[in-house]
There are 2 protein chains.
Amino acid sequence: MDSDGKEIFRAILAAKDRLLGKANITPVMSSRTLNLLVGGEVFLKCENFQRIGAFKFRGAFNAISRLSEEEKSRGVITYSSGNHAQAVALVGRLLGVSTTVVMPDDAPQIKRTATEAYGADVVDYNPREKTREEVAGKLREDHGYTMIPPYDHPDVIAGQGTAALEMMDEVKALDMLLVPCGGGGLLSGSAIAAKGVKPNCRVIGVEPELADDATRSFRTGALHTVKNPPTIADGTRTPSLGKITFPLVLKYADDMQTVSESEIIEAVKFIFYRMKLVVEPSGALGVAALLSGKVAAKGRVGVIISGGNIDGPTMVKILKS
Amino acid sequence: MDSDGKEIFRAILAAKDRLLGKANITPVMSSRTLNLLVGGEVFLKCENFQRIGAFKFRGAFNAISRLSEEEKSRGVITYSSGNHAQAVALVGRLLGVSTTVVMPDDAPQIKRTATEAYGADVVDYNPREKTREEVAGKLREDHGYTMIPPYDHPDVIAGQGTAALEMMDEVKALDMLLVPCGGGGLLSGSAIAAKGVKPNCRVIGVEPELADDATRSFRTGALHTVKNPPTIADGTRTPSLGKITFPLVLKYADDMQTVSESEIIEAVKFIFYRMKLVVEPSGALGVAALLSGKVAAKGRVGVIISGGNIDGPTMVKILKS
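What you are looking at is a predicted structure, and each value in this text was computed from that prediction instead of being measured.

**Considerations on the overall build of chain A**
Line of reasoning, step 1. Secondary structure summary: chain A contains 14 helices and 10 strands in total.
Line of reasoning, step 2. Principal-axis analysis of the C-alpha atoms places the extent of chain A at approximately 55 × 45 × 40 Å.
Line of reasoning, step 3. Expressed as a percentage of the 321 residues in chain A, the buried residues total 61%.
Line of reasoning, step 4. Within chain A, contacts between residues separated by at least 24 positions form 72% of all contacts whose residues are at least 6 apart in sequence.

Structure, rendered in structure tokens:
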């Protein structure tokens, strides 16, 4: 790994210390049936058992805990209607930092309620009139909040990398690591963590065919964007990789792979029925790539299960399909 | 504990050795939210992660592996349309013992298919004309099969007790243990295992209100029966405790508690949404007793999650309710 990678790897090691006793050290699960089906030894790093039900707690905690006392006293802001919103809200409560979350006024009530339950101040905006960046930027200027973006931030990336780092310690000597890709924070952090421990571990990002911006960006070297992709994997609906994550994914990921909606659904069902785990569709991307045969399992294969926050109607739809 | 209990405790210790490397050592999970809600420290022993998705593997393996070579060569038989059937079928395959499972001809196709997939020979009978004991007894006489009943057998009880034994080792010093109760094999084995390690651990059996035969038997000292109770917790639809399990439950359980159907459903949903675990309704009985306040959590509370084999339509019904 080059010196940039080594520096980020050191930041991931530091984040691990910061998260000690705060984040859950999530278990690694396996399945004889899955191993037989894919012809490799597969290990699932279960971030669905992380606090708030997804890996996002790691990055949010790492970023907010690194702020100065003065920044903490002014509070933080973010824009997200998903797991990052809940992560920032919970971390704010744990660290005594006030949190503001900008959410579109058509966000599901359940996500708004969950974020408020963790103690955040939710500010609505009309996505037909303004962008979330505009709304958050204005509030930030008016109140002096610090922005904690969902992925394009060095401390967020370092925090997300701790899941793969933990896994390398729990499972040892992985030959391959599959990581869901939305904005690329988890993927770039995971790739650097894995290669920092085992340089020849092959790291593959997985995204839905319907939201294949990162795959196209990776293949062409030019940033591609997919706006509001209609994929069931809501954690990957980010329009594109970020200014920081795009070059990191280009440099440290070995490949990208896309999977279809039905492959994602089959993976959620397999994990539900055979492994008794609740995972959200984005969390099942790695297993979908293996079960569909699109990624051939070789040796010891790690898979990051990114989260388990699936709402009732989505699970019902999947179980009935 | 008296000498009977001590002898069974020794049988549980021996079963633990026999199961080493065969059964999964299942993880113990906890939830900050659950602890806050119930005011105790709760530990879930996750037998939904056991082989075949339920604790039944333990008893079946212990019983079948203790047979003589001659008995093994003649094969085994059981009657069950649930988890015990799959457990016997898988153990038979692992130990090279042929298995026959007697099932009512109206048993769900999915259960029949699962049992056959593990390699058992499934024999149908018409439950309007004959009892399963009659059908199994005839086959046993004709073929010299050994009967492996679902709960009323010393080796089955000893095997089931290994889950609680493992838990006492994993969690240490439990003040209370909640155990689902159907035929009483898991409850009696668990009670003896827990008290063998920590004599003052309070053990409480939990069953559905609609299938409260064991609770009434426990209170009155006389065996009560509930035929085909319409509870969603299908693992507890056994008509009554057994000849062996009834006196053991009377002697070693400290109390019994019933929970309503809606309390069971709420518990399955809580475990799904907050803990990201798939549990079958019978497996959620202990959590239902705690969340409903019917059992007050005191100190360190263990809960046996007996299994995770829930079919799609049942989970859909629960998520929509």
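**Considering the packing of aromatic side chains**
Line of reasoning, step 1. One pass over the structure, following the stated rule, counts 4 aromatic pairs over all chains.
Line of reasoning, step 2. Summarising the aromatic geometry, the rings of Phe272(B) and Tyr273(B) are spaced 5.0 Å apart at their centres and angled 85 degrees between planes, so their arrangement reads as edge-to-face.

**Regarding the domain arrangement of chain A**
Residue and element names in this part refer to chain A.
Line of reasoning, step 1. Domains assigned within chain A are domain 1 (3-51 + 154-320) and domain 2 (57-147).
Line of reasoning, step 2. Distance between the C-alpha centres of domain 1 and domain 2: 24 Å.
Line of reasoning, step 3. At the junction of the two partners, domain 1 supplies 23 residues and domain 2 supplies 13 residues.
Line of reasoning, step 4. Summing both partners gives a buried area of about 1,500 Å² for domain 1 against domain 2, and 53% of it is carried by carbon and sulfur.

**Section: helix H7 (residues 132-143) of chain B**
All names here are of chain B.
Line of reasoning, step 1. Taking 1.5 Å of rise per residue, 12 residues should cover 16 Å, and H7 covers 16 Å from first to last C-alpha, within 8% of that figure.
Line of reasoning, step 2. Among the residues making up H7, those that are buried are Val135, Ala136 and Leu139. All buried residues of H7 lie within an arc of 90 degrees about the axis, which places them on one face of the element.
Line of reasoning, step 3. Just downstream of H7 lies glycine 144, where phi reads positive at about 75 degrees.

**Comments concerning the relation of the copies chain A and chain B**
Line of reasoning, step 1. Mapping chain A onto chain B leaves a residual RMSD of 0.0 Å; the transformation is a rotation of 180 degrees accompanied by 0.0 Å of translation along its axis. What we have between these two chains is a two-fold relation.
Line of reasoning, step 2. Here 100% of the contact residues of chain A are again contact residues in chain B; the copies associate through an equivalent surface.

**Overview of the packing of helix H12 (residues 261-275) of chain B against helix H14 (residues 312-320) of chain B**
All names here are of chain B.
Line of reasoning, step 1. Contact geometry of H12 with H14 gives a least axis separation of 9 Å together with a crossing angle of 95 degrees. Looking at the two axes, H12 sits roughly perpendicular to H14. Residue-level inspection shows Ile265, Val268, Lys269, Phe272 and Tyr273 of H12 in contact with H14, the latter providing Met315, Ile318 and Leu319.
Line of reasoning, step 2. Along the lines of polarity and charge, the residues of the contact of H12 with H14 split into 7 nonpolar, no polar and 1 charged.

**Brief notes about the environment of Leu37(B)**
All names here are of chain B.
Line of reasoning, step 1. Of note, leucine 37 is situated in helix H2 (residues 32-38).
Line of reasoning, step 2. Residue class for leucine 37 comes out exposed when judged on its relative accessible area of 56%.
Line of reasoning, step 3. For the pair leucine 37 and leucine 290, spaced 253 residues apart in sequence, the C-alpha separation works out to 9.0 Å.

**Re the pattern of salt bridges**
Once the charged atoms of two side chains with opposite charge are near each other, the side chains can pair.
Line of reasoning, step 1. In total, this model carries 52 salt bridges over all chains according to the counting rule given.
Line of reasoning, step 2. Across the pair Asp175(B) and Lys198(B) runs a salt bridge whose closest N-O atoms are separated by 3.7 Å. Of this pair, Asp175(B) sits in the loop between helix H8 (154-171) and strand S7 (176-180) while Lys198(B) sits in the loop between helix H9 (185-197) and strand S8 (202-208), placing them 23 residues apart in sequence.
Line of reasoning, step 3. Judged by relative accessible area, Asp175(B) falls into the partly exposed class, the value being 32%.
Line of reasoning, step 4. The salt bridge partner of Glu266(B) is Lys269(B), with a shortest N-O separation of 3.8 Å. Here Glu266(B) and its partner Lys269(B) are both found in helix H12, 3 residues apart, which amounts to about one turn of the helix.
Line of reasoning, step 5. With a relative accessible area of 13%, Lys269(B) lands in the buried category.
Line of reasoning, step 6. Salt bridges sharing common partners tie together Lys45(A), Glu47(A), Arg58(A), Glu166(A) and Glu170(A).

**Section: the side chain of Ser190(B)**
Line of reasoning, step 1. Within the secondary structure, Ser190(B) sits in helix H9.
Line of reasoning, step 2. If we ignore the near neighbours within four places in the chain, the residues touching Ser190(B) are Gly161(B), Ala164(B), Leu177(B), Val179(B) and Ile304(B).

**Focus: the interface of chain A and chain B**
Line of reasoning, step 1. Counting residues at the interface gives 25 residues for chain A, matched by 25 residues for chain B.
Line of reasoning, step 2. Between chain A and chain B lies a buried interface of about 1,900 Å² when both sides are counted; carbon and sulfur atoms form 63% of it.
Line of reasoning, step 3. Seen at the junction of chain A and chain B, the total is 0 salt bridges.
Line of reasoning, step 4. Run the count over chain A and chain B and you get 10 residue pairs in polar contact (both at pLDDT 80 or more).
Line of reasoning, step 5. Elements represented by at least two residues in the side of chain A that touches chain B include exactly helix H12 (261-275) and helix H14 (312-320) of chain A.
Line of reasoning, step 6. With 5 residues, H14(A) is the single largest residue contributor to the side of chain A that touches chain B.
Line of reasoning, step 7. For the side of chain A that touches chain B, the class distribution of residues is 12 nonpolar, 6 polar and 7 charged.

**Quick look at the sheet that holds strand S2 (residues 41-46) of chain B**
All names here are of chain B.
Line of reasoning, step 1. Spatial strand order, S1-S2-S10-S7-S8-S9: 6 strands in an open sheet with mixed pairing. Here the strands that pair on one side only, and so sit at the sheet edges, are strand S1 (28-29) and strand S9 (255-259).
Line of reasoning, step 2. Where S1 lies against S2, 2 bridges are found, and the strand directions are antiparallel. Of the residues in S2, the one forming a bridge with valine 28 is lysine 45.
Line of reasoning, step 3. The strands that helix H10 (residues 213-220) touches are S8 and S9; relative to S9, the one it contacts most, it runs at about 145 degrees.
Line of reasoning, step 4. Sheet strands in contact with H12 are S1, S2, S8, S9 and strand S10 (300-305), and its direction is about 85 degrees off that of S9.

**Some thoughts on the nonpolar core**
Line of reasoning, step 1. Of all hydrophobic cores here, the largest spans 82 residues; its most connected members are Leu44(A), Leu178(A), Leu277(A), Leu44(B), Leu178(B) and Leu277(B).
Line of reasoning, step 2. Among residues more than four places away in sequence, those in contact with Leu44(B) are Pro27(B), Val28(B), Met29(B), Leu34(B), Met167(B), Met275(B), Leu277(B), Val287(B), Val303(B) and Ile305(B).
Line of reasoning, step 3. Counting 35 residues, the second-largest nonpolar core is a separate cluster that includes Phe9(A), Ile12(A), Phe55(A) and Met167(A).

**Some words on unusual backbone geometry**
Line of reasoning, step 1. In this model, Asn228(A) sits at a positive phi of 45 degrees, which is unusual for a non-glycine residue.
Line of reasoning, step 2. Structurally, Asn228(A) is set in the loop between helix H10 (213-220) and helix H11 (245-252).

**Focus on the pairing of strand S2 (residues 41-46) of chain A**
All names here are of chain A.
Line of reasoning, step 1. Most of S2 sits out of view: 5 of its 6 residues are buried.
Line of reasoning, step 2. In the sheet, S2 pairs with strand S10 (residues 300-305) via 6 bridges, with the strands oriented parallel. When the bridges of S10 are listed, leucine 44 appears paired with valine 303.

**So, the packing of helix H5 (residues 83-95) of chain A against helix H6 (residues 109-117) of chain A**
Residues and elements named next belong to chain A.
Line of reasoning, step 1. Close contact between H5 and H6 brings their axes to 8 Å; oriented N to C, the two are set at 15 degrees. With respect to H6, the element H5 is oriented roughly parallel. Between H5 and H6 lies a crossing of right-handed hand. Contact residues: H5 offers Ala85, Gln86, Ala89 and Arg93, while H6 offers Ala114, Thr115 and Ala117.
Line of reasoning, step 2. Its residues assigned to classes, the contact of H5 with H6 shows 4 nonpolar, 2 polar and 1 charged.

Analysis parameters
- Residues numbered from 1 in each chain as written.
- Chains lettered and ligands numbered in written order.
- Predicted model: local features only at pLDDT ≥ 70, side-chain atom pairs only at ≥ 80, totals over all residues.
- Heavy atoms only, no water.
- Helix = DSSP H or I, 4+ residues; strand = E, 2+ residues; numbered from the N terminus.
- Buried < 20%, exposed > 50% of the residue type's maximum accessible area, 1.4 Å probe, protein only.
- Contact = heavy atoms within 4.5 Å.
- Phe/Tyr/Trp six-rings, centres within 6.5 Å; stacked < 30°, edge-to-face > 60°.
- Domains from an automatic or database assignment.
- Buried area = accessible area lost by both parts, 1.4 Å probe.
- Expected span 1.5 Å × (residues − 1).
- Arc of directions from axis to C-beta.
- Least-squares fit on C-alpha atoms with pLDDT ≥ 70 in both.
- Axes fitted to C-alpha atoms, helices over the stretch in contact; angles between N-to-C directions.
- Parallel < 35°, antiparallel > 145°, perpendicular 65-115°, else oblique.
- Nonpolar A, V, L, I, M, F, W, Y, C, P; charged D, E, K, R; others polar.
- Salt bridge = Lys/Arg side-chain N within 4 Å of Asp/Glu carboxyl O.
- Polar contact = N/O pair within 3.5 Å; in protein donor to acceptor, adjacent residues only side chain to side chain.
- Pairing = 2+ DSSP bridges.
- Core = buried A, V, L, I, M, F, W, Y, C linked by side-chain atoms within 4.5 Å.
- Left-handed = near helix turned anticlockwise from the far one by under 90°.

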